[in-house]
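# Structural features, examined
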Amino acid sequence: MAPAVALQRALPLIRRRSVVLIVSDFISSTDWTRPLALLARRHEVVAVRLYDPLEVALPDLGLVVMQDAETGEQLFVDTQDAGFRKRFAHAAEQREFEVREGLSRAGVDAIELSTQEDIVDSILRFTDMRRRRVGEGVVECRRDAVALHE
């Protein structure tokens, strides 16, 4: 299901004001921005963005078969080609800008979780940042536990 469709379906389903976590890589087109903004008007929305650093910068591995996870389409790419890697990095940089801009326009907080980092440390940094911004008494952070308080 497309992210925009899932968000549109969530709007009438969540009746009481809630904290809504949206877990995604947000790589698809940014058609999710408007429904996400509508959801954020009524609820506290946090985008939990999963990413792999290899989606931003390809290593020099020679010929590689890449497959689109959604369509199954495959193609050979030559990662030794510096020009290809540069174009790939530029496209990834543009996509990153669009995703971050879309999340910002939607008015949601985002936590980015890398596949190569300690997820607990990332969550603790995020909750500490939110606590400072939102005010005291919102979040208690410890390495062994993350708890929300009313």
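Now for a look at the structure at hand. (Residues numbered from 1 in each chain as written. Predicted model: local features only at pLDDT ≥ 70, side-chain atom pairs only at ≥ 80, totals over all residues. Heavy atoms only, no water.)

Moving on: the overall build of the protein. The helix and strand tally for the protein stands at four helices and seven strands. Residue burial in the protein is summarised as follows: out of 150 residues, 27% are buried. Across the protein, the fraction of contacts at a sequence separation of at least 24, relative to all contacts at a separation of at least 6, is 57%. When the accessible area of the protein is evaluated, it comes to approximately 10,200 Å², of which 54% is carbon and sulfur surface. (Helix = DSSP H or I, 4+ residues; strand = E, 2+ residues; numbered from the N terminus. Buried < 20%, exposed > 50% of the residue type's maximum accessible area, 1.4 Å probe, protein only. Contact = heavy atoms within 4.5 Å. Areas by Shrake-Rupley, 256 points an atom, 1.4 Å probe, with all protein chains shown as cover.)

Summed over all chains, the structure comprises two aromatic pairs. Relative to Trp-32, the ring of Phe-26 lies with its centre 5.0 Å away and its plane at 70°, an arrangement referred to as edge-to-face. What makes Phe-26 buried here is its relative accessible area of 4%. Given the relative accessible area of 1%, Trp-32 is considered buried. Ring centres of Phe-84 and Phe-88 lie 6.3 Å apart, and the angle between their planes is 40°; this geometry places the pair in the tilted category. Taken together, the residues span about one helical turn, with Phe-84 and Phe-88 both in helix H3 (residues 82-106) at a distance of four residues. (Phe/Tyr/Trp six-rings, centres within 6.5 Å; stacked < 30°, edge-to-face > 60°.)

Our focus in this paragraph is a negative patch on the surface. Among the surface-exposed residues, Asp-25, Asp-68, Glu-70 and Glu-73 lie close enough to one another that they form a single negatively charged patch. Position of Asp-68 among the secondary structure elements: in the loop between strand S3 (63-67) and strand S4 (74-78). (Patch = residues over 30% accessible without salt bridge, like charges linked within 9 Å, V, L, I, M, F, W, Y side chains within 5 Å. Salt bridge = Lys/Arg side-chain N within 4 Å of Asp/Glu carboxyl O. Lys, Arg positive; Asp, Glu negative; His and termini not counted. Charge placed at Lys NZ, Arg CZ, Asp CG, Glu CD.)

For any two helices packed against each other, the geometry is given by the interaxial angle and the distance between the axes. Their axes nearest at 8 Å, the elements helix H1 (residues 3-13) and helix H2 (residues 33-42) cross at an angle of 25°. Classed by the angle they form, the pair H1 and H2 counts as roughly parallel. The crossing of H1 and H2 is left-handed. Only Pro-35, Leu-36, Leu-38 and Leu-39 of H2 make contact with H1, whose side of the interface consists of Ala-4, Leu-7, Gln-8 and Leu-11. Across the contact of H1 with H2, the residue classes tally to seven nonpolar, one polar and no charged. (Axes fitted to C-alpha atoms, helices over the stretch in contact; angles between N-to-C directions. Parallel < 35°, antiparallel > 145°, perpendicular 65-115°, else oblique. Left-handed = near helix turned anticlockwise from the far one by under 90°. Nonpolar A, V, L, I, M, F, W, Y, C, P; charged D, E, K, R; others polar.)

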